[in-house]
Each structure stands twice: as structure tokens, then as C-alpha cells.
Amino acid sequence: MELLAQHYHAHIAELNRRVAEILSREALAGLVIHSGQPHRMFLDDIDYPFKANPHFKAWLPVLDNPNCWLVVNGRDKPQLIFYRPVDFWHKVSDVPEMFWTEHFDIKLLTKADKVAELLPSDISNWAYIGEHLDVADVLGISNRNPVAVMNYLHFHRTTKTEYELECMRRANLLAIEGHLAAKNAFYNGASEFEIQQQYLSAVGQSENEVPYSNIIALNQNAAILHYTALEHQKPARRNSFLIDAGANYFGYAADITRTYAFEKNRFDELITAMNKTQLELIDMMRPGVRYLDLHLATHDKVAQLLLDFELATGDAKGLVEQGITSAFFPHGLGHMLGLQVHDVGGFSYDERGTHIAAPEAHPFLRCTRILAPNQVLTMEPGLYIIDTLLDELKQDSRGKQINWQTIDELRPFGGIRIEDNVIVHQDRIENMTRELGLA
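Figured I'd write up the structure that's included with this text. (Residues numbered from 1 in each chain as written. Predicted model: local features only at pLDDT ≥ 70, side-chain atom pairs only at ≥ 80, totals over all residues. Heavy atoms only, no water.)

1. Concerning helix 6 (residues 192-203)
Here is step 1: Compared with an ideal rise of 1.5 Å per residue, which puts 12 residues at 16 Å, helix 6 spans 17 Å between its outermost C-alpha atoms and is within 8% of the ideal.
Here is step 2: Turning to helix 6, its buried residues are Glu-192, Ile-195, Gln-196, Tyr-199, Leu-200 and Val-203. For helix 6, the angular spread of the buried residues around the axis is 135°, confining them to a single face.
Here is step 3: With its phi angle positive at about 70°, Gly-204 sits one or two positions after the end of helix 6. (Helix = DSSP H or I, 4+ residues; strand = E, 2+ residues; numbered from the N terminus. Expected span 1.5 Å × (residues − 1). Buried < 20%, exposed > 50% of the residue type's maximum accessible area, 1.4 Å probe, protein only. Arc of directions from axis to C-beta.)

2. Things to note about a nonpolar patch on the surface
Here is step 1: On the surface, a nonpolar cluster with roughly 210 Å² of combined accessible area is contributed by Val-95, Ile-106 and Leu-108.
Here is step 2: When you line up the elements, Leu-108 lands in strand 4 (residues 105-109).
Here is step 3: On the accessibility criterion, Leu-108 (45% relative accessible area) is partly exposed. (Patch = residues over 30% accessible without salt bridge, like charges linked within 9 Å, V, L, I, M, F, W, Y side chains within 5 Å. Areas by Shrake-Rupley, 256 points an atom, 1.4 Å probe, with all protein chains shown as cover. Salt bridge = Lys/Arg side-chain N within 4 Å of Asp/Glu carboxyl O.)

3. Digging into helix 8 (residues 291-308)
Here is step 1: Along its 18 residues, helix 8 runs 26 Å from first to last C-alpha, staying within 8% of the 26 Å computed at 1.5 Å per residue.
Here is step 2: All buried positions along helix 8 are accounted for by Tyr-291, Leu-292, Leu-294, His-295, Ala-297, Thr-298, His-299, Val-302, Ala-303, Leu-305 and Leu-306.
Here is step 3: Where the residues of helix 8 are buried, they touch helix 7 (266-283), helix 9 (316-321), helix 10 (324-328), strand 10 (375-379) and strand 11 (382-384).
Here is step 4: Positive phi shows up at Glu-310, right after helix 8, with a value of about 60°. (Contact = heavy atoms within 4.5 Å.)

4. Things to note about the sheet that holds strand 4
Here is step 1: Strand order across the open sheet formed by six strands is 4-3-2-1-5-6, with mixed pairing between neighbours. A single partner strand is all that each edge strand has here, and the edge strands are strand 4 and strand 6 (143-144).
Here is step 2: Where strand 1 (residues 30-34) lies against strand 5 (residues 126-129), four bridges are found, and the strand directions are parallel. The partner of Gly-30 across the bridge, within strand 5, is Trp-126. (Pairing = 2+ DSSP bridges.)

5. Regarding the pattern of salt bridges
Here is step 1: In this structure the tally under the stated criterion is 30 salt bridges.
Here is step 2: Where Lys-264 meets Asp-268, a salt bridge forms, and the shortest distance between an N and an O atom there is 3.7 Å.
Here is step 3: The exposure class of Lys-264 is exposed, given its relative accessible area of 75%.
Here is step 4: Across the salt bridge formed by Asp-293 and Arg-290, the nearest N and O atoms sit 2.7 Å from each other.
Here is step 5: One salt-bridge network, in which partners are shared between bridges, spans Glu-14, Arg-17, Arg-18, Glu-21, Arg-25 and Glu-351.

6. Concerning the packing of aromatic side chains
Here is step 1: Inspection of the entire model under this criterion finds 14 aromatic pairs.
Here is step 2: Residues Tyr-163 and Tyr-252 carry aromatic rings whose centres are separated by 6.4 Å and whose planes lie at 85° to one another, so their mutual orientation is edge-to-face. Taken together, the positions of Tyr-163 in helix 5 (residues 162-187) and Tyr-252 in strand 9 (residues 252-261) put the pair 89 residues apart, joining distant regions of the chain. With respect to class, Tyr-163 is no different from Tyr-252; both count as buried.
Here is step 3: Every member of this aromatic cluster is reached through a ring pair, and the members are Tyr-8, Phe-99, Tyr-163, Tyr-249, Phe-250 and Tyr-252. (Phe/Tyr/Trp six-rings, centres within 6.5 Å; stacked < 30°, edge-to-face > 60°.)

7. Quick notes on the packing of helix 1 (residues 2-26) against helix 5
Here is step 1: Running from N to C, helix 1 and helix 5 point in directions that differ by 140°, and their axes come no closer than 7 Å. The angle between helix 1 and helix 5 falls in the class oblique. Contact residues: Leu-3, Leu-4, His-7, Tyr-8 and His-11 in helix 1; Glu-162, Tyr-163, Glu-164, Glu-166, Cys-167 and Arg-170 in helix 5.
Here is step 2: Partitioning the contact of helix 1 with helix 5 into residue classes produces five nonpolar, two polar and four charged. (Axes fitted to C-alpha atoms, helices over the stretch in contact; angles between N-to-C directions. Parallel < 35°, antiparallel > 145°, perpendicular 65-115°, else oblique. Nonpolar A, V, L, I, M, F, W, Y, C, P; charged D, E, K, R; others polar.)

Okay, here's the thing in C-alpha cells:
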């Protein structure tokens, strides 16, 4: 914790600087940031798992306590209104005592509907940041998630402080432990459900604590991009394993993917080739590079893989221009990473929110930014046998360029994705995932 504490002071100073600047521009008195409220299940008395507002957890690692508030104006010491009710039905959160608490004036709130008593007396020129607009109405806050404020905060959130980078390294370390346990479980014959349990046990987090629903896919299930079904039955034959799974550290996410073949075969060789491709793409990253150009380069490289492994015929340029590579690699190369798995700001040209749209031919691209120091992104090229997409190629002359025999051979393996979490520095690229121990 000592290293985090050293970086935290500068982190809070930077957040205060950003708030002071945007408040001055927009002539606002301050921001009231709501951690959120529980969401009740329909026709039930049970709440959905609580997820804190990312704008709230940007300031401090309080992730599981609803009805908390931050009152910040960029000048005064930030105020934390910490919800601690009198309740014998549920565990009440302890009053925080960590390295970060000295940076806040902490007030305790025992009844959620009494928060107005702890907020500034004149709230009319403050802005509410959060999802519960009805609460802002009750409190008399008319400025709710102002567009200019949100655009500014989202743009600058892509530039991580040293504190945030350290949190993300630690999230990667946790996720790597899980990945190694999952890999071992796969080769030892576990089912998808059993692999998931091994992963969660290794990272020490529950399904609700990890940043997203893990993808644990055996065999042909690896061709389903967001597969989360988790079969309990072990497959009759074990061909392949794709795991896309992360971990949280103080609210910051890791998002890592690996693919394995059970035996040495053509699919295993394709994994090796994709791994090499992914590292080549990461080597192309540096400040000033357009992420879109990296994505387009991925299609060039996927085209060459299709030719090298006899999945398609023709030339690489033609495979890209005809959209054939998109049938095998239908998603974007990656995305911003941070407080959210698909973090904000991926399409922002500037702090005013000018939007850099994805090209029409690549609608699922999640990032079009120009790379800059202290950004964190995922790099996750893939290649899949997805019948619904390949069937479209059969409808025209493109189908003649596909080697359907090779497709049939690789179909039982599903697909490949290799994903690392990467920090862009001014003078180098830090591949957290590889440098912290996951090959």
C-alpha cells in the first residue's frame, strides 16, 4: 500500500485540477458525485449486485457502498458523505481507515433520504453526476450530468495517473493468477463451469466482483464472441479453450484473453501465428499513432494468416477490400481500459467531445483515438470460424475464395483471441500482461 499512498496524493491533485478547470469554464460551483443506489429486482425484495458510479470510484476505492456522495469543487478538501445506516439485516460498511481517507473530510450518513442536510446549503449552481436523476430532482439540482462537463472528464480520464497505472498493474497480476489456474484446469479435463470456479478462486473475487462476465469457452463455443453460458458437462473431446477473463483492483479492471489447443495440430500453429501477430501490432504502438491505423493493419495481418493457413485464396489486399477478413475478424482490435472494461473516451478527439466515428466498414471498432502517453488499451486481434458470417460469403463470388475443407477442419476449435493490457508511455510501450508473467 505504501507505493499506492505515494501516488495517491498526486492523483487527487490531478482530479481536483480537472474539476477546477471545467467548473471555471462552465461557471459551476462544484460537482456532487453520487455512488449510486441499489436496483431492486422486478416483483422481488432482492437487489441486483451494486456497481458504483465510475465517476465516484475515480476518486476513491469505495466500490460496494451505495448512497455515498462526493462533494468536490477543485479548491477545497473533497468531502465524502459515507453511508452507514443502522441496520441489523445487512452488513454495514465500516468507516474507512486507509491511506486515502486523510484526503477527504468524511461525514457519516445514517439515512439515505437525509443527505440534503450534509450537502452545500445553496445547491442551485452545483452539478449532479450520476444515474439517479430523480434523486437530483428531489435535491433541487437542475444541472445533471452536463454534457460539457462529462465530455471533459471522459476525455481526460483516458490519461491515467501513476496511481491508476499501479492499480491496473495489480489488477493484471490478479488476473494472471486466474489465467494460469484456468489453463491448468483445462489441461486437467475440467468443464467450463469448473474452470470458472478455479479462476475465481485463484483471483479471490466472486462473479460480481470481477469487472465483467468471464468468457470460458471450450471447443466450438470459442466462436461465440461473448459466450458466457458455462456448460457443466465436460465435452466428449477436448479441442480448444478460449478464456477472456479479468480482475478488479480498487475499481480498475484487467481484461485478458488467451487461447489454447489441447494437442499439437494446425490450430495450435494458428494460435502461435496469431500470438506473433498480436506482438507485432503492439510494437507498432506509440504516441501519435492512430488506433484506427492499428486496426486496419490487423486486417492486413489477418488476411496474410488466411493465406498462410490455406483458409482463403487470392491476395491479402483483395481479402481485406472484399470484406472477407471481416468474416473471420468481426470485432475491433481493442478499447480503452480503466475504471470500466470498455472505458470512456475511445472516440473523443478533444475535451469538447468531438467524435471520431468508426469507419462504415468497421462498425464494431471501440476506439478511434490518437495514442498519447499514459493511455491504457487492450490489444486483442482474433480469428474465428463463425458460420453465420461465413455463410454470407457463400452468397456471392467471395465464397469461391474460401477453402471450405480447411474451414470444416478448424470449425470444432471455434476461434482464437489473444489480448494484452498495454500502457502507452512517451518513450516505450509497457505490456503489463506479458511483463507481469503471462506468456
